[in-house]
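The chain contents come next:
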Amino acid sequence: MTVVKKELTPEEEKLTIRDISIAAEAQTKQGDTFFLITQRWWQEWLEYVNQNQASTVNDGSASEHQFLGGSALKRPSSINNSDLIYQAASGDSDVGIELHDTLVEGTDYILLPQEVWNQLYEWYEGGPILPRKVINSGLSQTELTVEVYPLRLQLHLMPKDECSTIRISKKETIRELHKKACEIFSLNPELVCIWDYFSHQKHALMDMEKTLDDANIQMDQDILVEVVNSNSAGGMNSFHENGAADNGTVALVEPSQLNFSNAEGLSLSKGSTRNGIAELSQSQHLASSGTEKTYASTGVSTRGSTCGLTGLMNLGNTCFMNSAIQCLVHTPEFARYFREDYYQEINRQNPLGMVGELALAFGDLLRKLWAPGRTPVAPRPFKAKLARFAPQFSGYNQHDSQELLAFLLDGLHEDLNRVKHKPYIKSKDADGRPDEEVADEYWANHIARNDSIIVDVCQGQYKSTLVCPVCNKVSVTFDPFMYLSLPLQSATTRSMTVTIFTCDGSALPAACTVTVPKQGRCRDLIQALGNSCSLKHTEKLLLAEIRGHLIHRFLEDPLISLSSIKDDDHLAAYKIPKLAKNSKFLQLIHRREEREIGISQSSVGWKPYGTPLVSPISCDDVITRGDIQLIVHRMLSPMLRSENPGFNCVSRSKTSAANTSRLATASEGCIDSSLPNDDPRQKDMSSSKLANLEKLPLQLVDENNACIDLTVGEDKSVKLSSSSMSILVFVDWSQKLLENYDTRYIENLPEVTKYGPATKKARTEPLSLYSCLEAFLREEPLVPEDMWYCPTCKERRQASKKLDLWRLPEVLVIHLKRFSYSRSMKHKLETFVNFPIHDFDLTKYVANKNNSRRQLYELYALTNHYGGMGSGHYTAHIKLLDENRWYNFDDSHISPINEEDVKSAAAYVLFYRRVRADHHHHHSVSNGAVSSAGQHSISSRK
């Protein structure tokens, strides 16, 4: 017997999925499978299953779908995930399908538990099917995440130089990777050893049970697959216990096999070993600078007896630590402080500190680095202390230099905090008091708990303003900062094109392109459009997204994020009067006859086309069919062809002014007439005006979803639906009617952003540090996870937040946010940022206007990061202030560089110091309470 599939209602589909979801979410565990589904399809399905609620909701956006073509929303077609992947792989198999690299969960795709996917797939079918596994992650390995992007590794077969790319979960073991590599290249596993190649070094992957995650293998890393000569004693077993000789190469491999600089993407020119013992590609390395060698190994000074040019040896991937330490050590205030008697400031009982041990270890290392002579120092004692207090930096994996720097500054501050017993102080709300008073109070409270050389030198203060979107409550606080983390928004702005329509027939539709903040809100777009199309103060713009020639949704909420509007969406903005509350929107939807191609040319019905027009209608008056005819005449009047005498209307001048004014007076009666409803003069006026105008083929959808013909019974009143904000009217464009109107203006609605050769070319000038700072300070809505509790509304609100710099430190540390961590992947931005070396002027960004001094800074140090996430290599560029010369600190190698070579796309953390107009003369005065760096005088008032 055949089972007939029962067609479920949208409501039944929704409840089925809801129940499955709740059950599945509760039981998710490691190893489960989730499936990606494109956000577009999911959204369409949600609208379909929620359509019945919409008709009772009075929001004007969802309800009008009810009557299109007189039926409910159509069931979505089959699932189509093709927008998530690179062009479909050959054949039917879903293996080898690659996702686009930068998909964002919630914007591009949704993750569905297996049971939910199975049910939807049973109903809708489609594909491609994109399964992904749940893994443990996080520091404690207890968070469950879906590994949307498993590791993509480049395998290089040595010495044959063949390449292959594989995908493998980071939770797989090295044994599994070894096995896969042997299968791909058809090798005998006994004779194969695999190496992880990063930081210009090779490391044998020996511990077969380790996961790739634990071995710190990262996305797009290179893995060398080496076939070892079978006559080597014992194959794999003859390695050292740690898998590598001290110089980062393995004893087994013949030197001839090491020359793999032509392997794709592998070049060893950047000093393959980091400890000055062996140079794998000496010729290249030495050719670049004859002096490097001397600095690194002989300790013979080549120029006078300058101190501060001592390198730090790499203890195995410790360049992240070496680069950060060198920048701190070459900060003049710290160099002075730690070479003097700082022991009395050590706070040995601070529970938040490292009982002084971190400060002692750092001071000890700093003194060694400033001692005469140039023998590189091995920072082992310091690394051991660091590993004890910050286990996240232990081992020999690569870490983020900025995270280490943040930990160091914080740890040194607590170890050297002059406050032995921290008072508890509750900050009072600003409550309308002057900013200066509140800021000083916050700073004094901060200093009462935190007072150290680190605060004196590195800490500033910013003003944070939160505004509640509902009640407009403003909350101002002043918070300390140790460094600024600036976003690298490659483009902080976005160009958006919206077509502006009038409702009163005063102008033709016009496309308008404006520039808005990329992370902005709908209100930013409406504001920019208003300025651009010279909106009158009596008008406002109603923004709508158009899909399939219908209004898909009104973007009425000013807080809708612009990132939810895609580049290939189509937007219209309708100029409407700022009317009294009680009005509805007439939506004029254009339809034309679709004919079958063929001999009979028979009609297949009227289909929507073009862009809908919108006009407000007052609900306080009785509206007749004739009134609607007048309103529509007026809306269409700019498109009337002037050369058409047959259409009973004043022939259209260039500006259509006469015609417009005539229509305006004609339809005044139905918009904001001051005449009472039953005034006979009004009826006469509108019907007599209409007598001169040809009837348009209009049909109105009434509240019972029936179509009413508006060409007859012009005095009959129209009953407006009470539940919907919209009144739908169809205009059916016959061939005859199209002869009277030029409808090109409503036919081609441009995309929000059209990508052509022009837009690509425009962005040639590099991103400046000032733009990054502006992006950081710009007013932005809080992300939903960080909702703010509004004390007035007594509810959590998605407030908007604006930052301003208030008090600037002596040394300003700026971190460029090159690394982004999303739920599924880590990503590095290689954007070049143009940062000033001299005269970094922050005067205009400081909100404290009592401070008249210019806020000028100069660069004296920076860390660089080369290569990909998690692998890569760190160096530092540092200016020796006594010499006024720049040097490159590359672990134990130090070499002079030119100032113009300091800037590169590798710059990661920048160190700026305040430039005093009068330099050292008035040192004590300029640190006064008014100055942005006024730590001392404020702290003395506590």
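All figures in this text were calculated on a predicted structure; none of them were measured in a lab.

Engineer: Residue-level account of the packing of aromatic side chains, with values.
Structural biologist: Tallied over the full model, the rule gives 24 aromatic pairs. Clustering of aromatic rings is evident, with ring pairs tying together Tyr337, Phe338, Tyr342, Tyr343, Phe362 and Phe382. Above the ring of Tyr124, the side-chain terminus of Arg75 is found at 4.1 Å from the ring centroid. Note that Arg744 overlies the ring of Tyr745, its terminal NZ or CZ placed 5.8 Å from the centroid.

Engineer: Report on the sheet that holds strand β16 (residues 510–517), specifying residues and quantitative values.
Structural biologist: The pairing of strands in a sheet comes from backbone hydrogen bonds and takes either a parallel or an antiparallel form. Ordered by their spatial adjacency, five strands build an open sheet running β16-β15-β19-β17-β18, and the pairing between neighbours is mixed. Lying at the two open borders of the sheet, with one neighbouring strand each, are β16 and β18 (550–554). With direction set aside, neighbouring strand axes in the sheet form an average angle of 45°. Two strands pair when backbone bridges link them, and strand β17 (residues 539–547) and strand β19 (residues 571–577) are joined in this way by seven bridges, in the antiparallel orientation. Pairing of Leu543 across the sheet is with Ala573, part of β19.

Engineer: Which residues make up the packing of helix α10 (residues 357–370) against helix α11 (residues 380–389), and what are the values?
Structural biologist: At a closest axis distance of 9 Å, the pairing of α10 and α11 adopts a crossing angle of 160°. Classified by the interaxial angle, the pair formed by α10 and α11 is roughly antiparallel. For the element pair α10 and α11, the recorded crossing hand is left-handed. On α11, the residues touching Glu357, Leu358, Ala361, Phe362 and Leu365 of α10 are Phe382, Lys385, Arg388 and Phe389. For the contact of α10 with α11, a count of residues per class yields six nonpolar, no polar and three charged.

Engineer: Give a description of α11 that names residues and reports values.
Structural biologist: Regarding α11, the residues found buried are Phe382, Lys383 and Leu386. Along the axis of α11, the buried positions cluster into a sector of 100°, meaning they face one direction only. Looking at α11, the residues exposed on the side facing more than 90 degrees away from the buried face are Arg380 and Arg388.

Engineer: How would you explain the confidence of the model for the protein chain if you had to name every residue and give the values?
Structural biologist: A residue-level look at the protein chain finds 75% of positions with pLDDT of 70 or above and a mean pLDDT of 75. Note on residues 645–688: pLDDT is under 50 here. Beyond four places in sequence and across chains, it has 65 contacts.

Engineer: Could you give me a rundown of unusual backbone geometry, with the residues and numbers involved?
Structural biologist: Put simply, Gly127 and Pro128 share a cis peptide bond, and its omega is -10°. Looking at the element boundaries, Pro128 is found in the loop between β4 (126–127) and β5 (131–137). With phi around 60°, Asn884 is a residue other than glycine that occupies positive phi space. Relative to the helices and strands, Asn884 is located in the loop between β37 (873–880) and β38 (885–890).

Engineer: Any chance you could break down helix α12 (residues 401–415) for me, citing the residues and the numbers?
Structural biologist: Between its first and last C-alpha atoms α12 spans 21 Å; for 15 residues at 1.5 Å apiece the expected length is 21 Å, and the two agree. Of all 15 residues in α12, 13 are buried; the element is thus mostly enclosed. Taking the backbone nitrogen of Gln402 as reference, a side-chain oxygen 2.8 Å away marks Asp400 as the first, capping residue of α12.

Engineer: Hey, could you go over the pairing of strand β15 (residues 493–502) for me, with residue numbers and the actual values?
Structural biologist: Taken residue by residue, a regular strand's side chains alternate between the two faces of the sheet. The element β15 is extensively covered by neighbouring structure, given that eight of its ten residues are classed as buried. Pairing between β15 and β16: eight bridges, direction antiparallel. Note on β16: the bridge partner recorded for Ile500 is Ala510. As paired elements, β15 and β19 share four bridges and run parallel to each other. The residue bridging Thr499 from the neighbouring strand is Ala572, located in β19.

Engineer: Explain the pattern of salt bridges residue by residue, including any values.
Structural biologist: Counted according to the given criterion, the structure contains 31 salt bridges. Residue Glu357 pairs with Lys385 through a salt bridge whose shortest N-O separation is 3.4 Å. Residue Glu357 is located in helix α10, and its partner Lys385 is located in helix α11; the two are separated by 28 residues in the primary sequence. A residue is classified by how much of its surface remains accessible, and Glu357, at 23% relative accessible area, is partly exposed. Judged by relative accessible area, which is 25%, Lys385 ranks as partly exposed.

Engineer: Tell me about the sheet that holds strand β12 (residues 460–467), and name the residues and values.
Structural biologist: With antiparallel pairing, the four strands of this open sheet are ordered in space as β13-β12-β30-β27. Of all the strands in the sheet, the pair left with one neighbour each is β13 (474–481) and β27 (780–781). Seen against the sheet, helix α13 (residues 435–449) touches β12, β13 and β30 (800–807) and runs at an angle of roughly 40° to β13.

Engineer: Got a sec to walk through the environment of Tyr424? Specific residues and values, please.
Structural biologist: With respect to the helices, strands and loops of the structure, Tyr424 is situated in the loop between α12 and α13. On the basis of relative accessible area, Tyr424 is assigned to the exposed category, the value being 72%. The sequence separation of Tyr424 and Asn445 amounts to 21 residues, and the corresponding C-alpha distance is 9.1 Å.

Engineer: Could you give an account of the nonpolar core, naming the residues involved and the relevant values?
Structural biologist: Ranked by size, the top nonpolar core spans 57 residues in total, and within it Ile325, Phe382 and Phe911 carry the most contacts. Discounting chain neighbours no more than four positions away, the residues touching Ile325 are Leu312, Leu365, Leu369, Phe382 and Leu408. With 40 residues, the next largest nonpolar core counts Ile551, Met635, Val729 and Leu749 among its residues.

Engineer: Please set out the state of the cysteines residue by residue, giving values where relevant.
Structural biologist: The term disulfide refers to a covalent linkage connecting the sulfur atoms of a pair of cysteines. Summed over all chains, the structure comprises zero disulfides. Looking at the unpaired Cys512, the closest cysteine sulfur is the one in Cys533, lying at 6.0 Å. Here Cys512 falls in the buried class, since its relative accessible area comes to 8%. In this structure Cys790 is a free cysteine whose sulfur lies 3.7 Å from that of Cys471, the closest cysteine sulfur available. Here Cys790 falls in the buried class, since its relative accessible area comes to 0%.

Engineer: Can you explain the packing of helix α9 (residues 332–339) against α10? Please cite residues and give values.
Structural biologist: Interhelical geometry of α9 versus α10 gives an angle of 105° and a closest axis separation of 9 Å. In terms of orientation, α9 and α10 fall into the roughly perpendicular class. Where α9 abuts α10, its residues Phe334, Ala335, Phe338 and Arg339 lie against Ala359, Phe362, Gly363, Leu366, Arg367 and Trp370. For the contact of α9 with α10, the per-class residue count stands at seven nonpolar, one polar and two charged.

Conventions and cut-offs
Residues numbered from 1 in each chain as written. Predicted model: local features only at pLDDT ≥ 70, side-chain atom pairs only at ≥ 80, totals over all residues. Heavy atoms only, no water. Phe/Tyr/Trp six-rings, centres within 6.5 Å; stacked < 30°, edge-to-face > 60°. Lys NZ or Arg CZ within 6 Å of the ring centre and 35° of its normal. Pairing = 2+ DSSP bridges. Helix = DSSP H or I, 4+ residues; strand = E, 2+ residues; numbered from the N terminus. Axes fitted to C-alpha atoms, helices over the stretch in contact; angles between N-to-C directions. Parallel < 35°, antiparallel > 145°, perpendicular 65-115°, else oblique. Left-handed = near helix turned anticlockwise from the far one by under 90°. Contact = heavy atoms within 4.5 Å. Nonpolar A, V, L, I, M, F, W, Y, C, P; charged D, E, K, R; others polar. Buried < 20%, exposed > 50% of the residue type's maximum accessible area, 1.4 Å probe, protein only. Arc of directions from axis to C-beta. pLDDT = per-residue confidence, 0-100. Expected span 1.5 Å × (residues − 1). Polar contact = N/O pair within 3.5 Å; in protein donor to acceptor, adjacent residues only side chain to side chain. Salt bridge = Lys/Arg side-chain N within 4 Å of Asp/Glu carboxyl O. Core = buried A, V, L, I, M, F, W, Y, C linked by side-chain atoms within 4.5 Å. Disulfide = S-S within 2.5 Å.

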